[in-house]
Amino acid sequence: MAIQRTLSIIKPDATRRNLTGMINDRFEKRGLRIVAQKRIRLTEAQAQRFYEVHAERSFYRGLVAFMTSGPIVVQVLEGENAVVLNREVMGATNPADAAPGTIRKDFAESTEANSVHGSDSLENAAQEIAFFFSTIEICP
Ligand code: ATP
Ligand code: MG
């Protein structure tokens, strides 16, 4: 397996409850290195563009409203097999289905307010990282 990078977002439900450090601890304990990180507030247009693939889904409008409801922390995680490893550390989309010890099992409030985002493929990871970060902001 190769060293990969993936895009992670700590969502508004988690920043509101001051869980950034607790969530970062989960990444670091599993060998994911935070090589870039910033706290931002998405505009509606930015959230719509980021979640464009879901534009036709019934949850899209609610998701955009949720993702703009408070600050988020966007970050680049680096490590062995980082894309799949991060999805494992996050757990299933619906916290009721998430495995014990995952971030979503332990912290998510609902399927929508599920505390974290993680890229779902290497290709999407590269696109999502470029959406939020320039190369000089990533410091391995
Ligand atoms: P993410 O893309 O945030 O890492 P995911 O890949 O597990 O999560 P997706 O299917 O890509 O899930 O959905 C993106 C996000 O949209 C979910 O994380 C969640 O916040 C929201 N979402 C997905 N399905 C639903 C639903 N049925 N109802 C409400 N919100 C949903
Ligand atoms: Mg997804």
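Going by the structure above, here's the rest.
Residues numbered from 1 in each chain as written. Chains lettered and ligands numbered in written order. Predicted model: local features only at pLDDT ≥ 70, side-chain atom pairs only at ≥ 80, totals over all residues. Heavy atoms only, no water.

(A) Summary view of the nonpolar core. By size, the foremost hydrophobic cluster in this structure holds 21 residues, and its most contacted members are Leu7, Ile9, Met67, Val76, Phe132, Phe133 and Ile138. Listing elements by their share of this core, those giving two or more residues are strand S1 (3-10), strand S2 (33-40), helix H3 (44-50), helix H4 (60-67), strand S3 (72-80) and helix H7 (122-132). Ranked by residue count, the leading element in this core is H4, at five residues. Membership of the second largest hydrophobic core comes to 15 residues, among which are Ile10, Leu77, Leu85 and Val89. (Core = buried A, V, L, I, M, F, W, Y, C linked by side-chain atoms within 4.5 Å. Buried < 20%, exposed > 50% of the residue type's maximum accessible area, 1.4 Å probe, protein only. Helix = DSSP H or I, 4+ residues; strand = E, 2+ residues; numbered from the N terminus.)

(B) A look at the layout of surface pockets. Space inside the largest pocket adds up to approximately 630 Å³. Broken down by element, the lining of the largest pocket gets its largest block of residues, four residues, from H7. Grouping the constituent residues of the lining of the largest pocket by class yields seven nonpolar, nine polar and eight charged. (1 Å grid on protein atoms, 1.4 Å probe; cavity = no way out; pocket = protein on both sides within 12 Å on 5 of 7 lines; lining within 4 Å. Points joined across faces, edges and corners; volume = space filled by probe spheres on them. Nonpolar A, V, L, I, M, F, W, Y, C, P; charged D, E, K, R; others polar.)

(C) Examining the site of ligand 1 more closely. Taken together, 15 residues lie around ligand 1, and Lys11, Thr93, Glu112, Asn114 and His117 are the ones closest in. One nitrogen or oxygen atom from the side chain of Arg87 is found 3.0 Å from an oxygen atom belonging to ligand 1. Here Asn114 contributes a side-chain N or O atom positioned 2.9 Å from an oxygen atom of ligand 1. Summarising the interface, the protein chains cover 77% of the accessible area of ligand 1, which totals 580 Å² for the free molecule. For ligand 1, the cavity whose grid points lie within 2 Å of the majority of its atoms is the largest pocket. (Near = heavy atom within 4 Å. Polar contact = N/O pair within 3.5 Å; in protein donor to acceptor, adjacent residues only side chain to side chain. Areas by Shrake-Rupley, 256 points an atom, 1.4 Å probe, with all protein chains shown as cover. Sits in = over half its atoms within 2 Å of the grid points.)

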